[in-house]
Amino acid sequence: MRQSLDGADEQELVHRVAHGDRRAFDELYRRTAPWLEVRLRRRCADPDVVADVLQETYLAVWRAAGSFAGDSVKGSAVGWLWTIAAHRLVDAFRRRSRQAPVPQVHPADTVVPAAEDEVMAGRVGQELEQALAALPIEVREALRATVLDGLSVRETSVLLGVPENTVKSRVRRARIALREALS
């Protein structure tokens, strides 16, 4: 059985996992867990959180593989896996922020920003939001994945299901458009 799994790509492994194949799940984990752990550690320094997110991710893969294995789903299995992990990491951050104690603020330590700084920050924020909203959706998605989510061009390519050069050109177009809109 191991030899037949060696020739299977991740997409085929997810399809087999959807049918309850434990060996396919083990092989998918063996191939993708190290890669996924490295990417999660780039975004979170707490090894316990990373371990929990990995466990939750693969549990979700086991339970929801059927939702990916259908013919109507576009994108790669690795991109699907990363999307699950990224959502689980965000959930972990949210849980941690709700559980974290609120730090005590002493009135003498507070600094009130100047009125000019508040006005400029609000104006720049509004202009940026308007400029982002004016971008075509595919350009905005590429920019969001690379800048806000911190994904590499290759990871963004896998996530969006487009060639790497397309990601690069979309990000470049977005930066040019934002520079023009904000200058």
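Everything in this summary refers to the structure shown in the same document. Everything quoted here is computed from the prediction, not taken from an experiment.

Quick look at the pattern of salt bridges now. Under the defined criterion, the tally for this structure stands at 11 salt bridges. One salt bridge in this structure joins Glu10 and Arg31, with 3.9 Å as the shortest N-O distance. Placement of the pair is Glu10 in helix α2 (residues 10-18) and Arg31 in helix α3 (residues 22-43), with a sequence separation of 21 residues. Between Glu27 and Arg31 there is a salt bridge, with its nearest N and O atoms 2.9 Å apart.

Moving on to helix α9 (residues 164-182). The terminal C-alpha atoms of α9 lie 27 Å apart, and with 19 residues this matches the ideal 27 Å at 1.5 Å per residue to within 8%. For α9, every residue scored as buried is listed here: Val167, Arg170, Val171, Ala174 and Leu178. Considered in projection along α9, the buried side chains sweep an arc of 100° and stay on one side of the axis. Along α9, exposed side chains directed more than 90 degrees from the buried face belong to Asn165, Arg172, Arg179 and Glu180.

Glancing now at the packing of aromatic side chains. This structure, assessed with the given rule, holds 3 aromatic pairs. Relative to Tyr58, the ring of Phe25 has its centre 6.3 Å away and its plane inclined at 80°; by these criteria the two rings are edge-to-face. In this pair, Phe25 sits in helix α3 while Tyr58 sits in helix α4 (residues 47-69), placing the two residues 33 residues apart along the sequence. Of the two residues, Phe25 and Tyr58, neither departs from the other in class, the shared state being buried. Note on Tyr29 and Tyr58: the rings are 4.8 Å apart at their centroids and 70° apart in plane angle, and the pair reads as edge-to-face. Note that Tyr29 is positioned in helix α3 and Tyr58 in helix α4, a separation of 29 residues in sequence. Among the aromatic residues, ring-to-ring pairing joins Phe25, Tyr29, Tyr58 and Trp62 into one connected group.

What follows is about the side chain of Thr146. By secondary structure assignment, the location of Thr146 is in helix α7 (residues 137-148). In terms of polar contacts, Thr146 uses its side chain to reach the backbone carbonyl oxygen of Ala142, at 3.0 Å. In this structure the side chain of Thr146 is engaged in a polar contact, spanning 3.3 Å, whose partner is the backbone oxygen of Leu143. Contact partners of Thr146, with chain neighbours within four places excluded, come to Leu151, Thr156, Val167 and Val171.

Further remarks concern the packing of α2 against α3. Contact geometry for α2 and α3: axes closest at 8 Å, N-to-C directions at 145°. Along this stretch, α2 crosses α3, giving a crossing that reads as left-handed. Of the residues in α3, those touching α2 at Glu10, Leu13, Val14, Arg16 and Val17 are Ala24, Phe25, Glu27, Leu28, Arg31 and Thr32. For the contact of α2 with α3, a count of residues per class yields 6 nonpolar, 1 polar and 4 charged.

A separate point is the nonpolar core. The biggest cluster of nonpolar side chains holds 31 residues, and the ones touching the most others in it are Val14, Leu36, Leu40, Tyr58 and Val61. Of all the secondary-structure elements, those providing two or more residues to this core are α2, α3, α4 and α5 (77-99). The element that contributes the greatest number of residues to this core is α4, accounting for 9 residues. Sequence-distant contacts of Val61, that is, excluding residues within four places in its chain, are made with Val17, Phe25, Leu28, Trp80, Leu81 and Ile84. Membership of the second largest hydrophobic core comes to 10 residues, among which are Val139, Ala142, Ala174 and Leu178.

Each value, and the rule that gives it
Residues numbered from 1 in each chain as written. Predicted model: local features only at pLDDT ≥ 70, side-chain atom pairs only at ≥ 80, totals over all residues. Heavy atoms only, no water. Salt bridge = Lys/Arg side-chain N within 4 Å of Asp/Glu carboxyl O. Helix = DSSP H or I, 4+ residues; strand = E, 2+ residues; numbered from the N terminus. Expected span 1.5 Å × (residues − 1). Buried < 20%, exposed > 50% of the residue type's maximum accessible area, 1.4 Å probe, protein only. Arc of directions from axis to C-beta. Phe/Tyr/Trp six-rings, centres within 6.5 Å; stacked < 30°, edge-to-face > 60°. Polar contact = N/O pair within 3.5 Å; in protein donor to acceptor, adjacent residues only side chain to side chain. Contact = heavy atoms within 4.5 Å. Axes fitted to C-alpha atoms, helices over the stretch in contact; angles between N-to-C directions. Left-handed = near helix turned anticlockwise from the far one by under 90°. Nonpolar A, V, L, I, M, F, W, Y, C, P; charged D, E, K, R; others polar. Core = buried A, V, L, I, M, F, W, Y, C linked by side-chain atoms within 4.5 Å.

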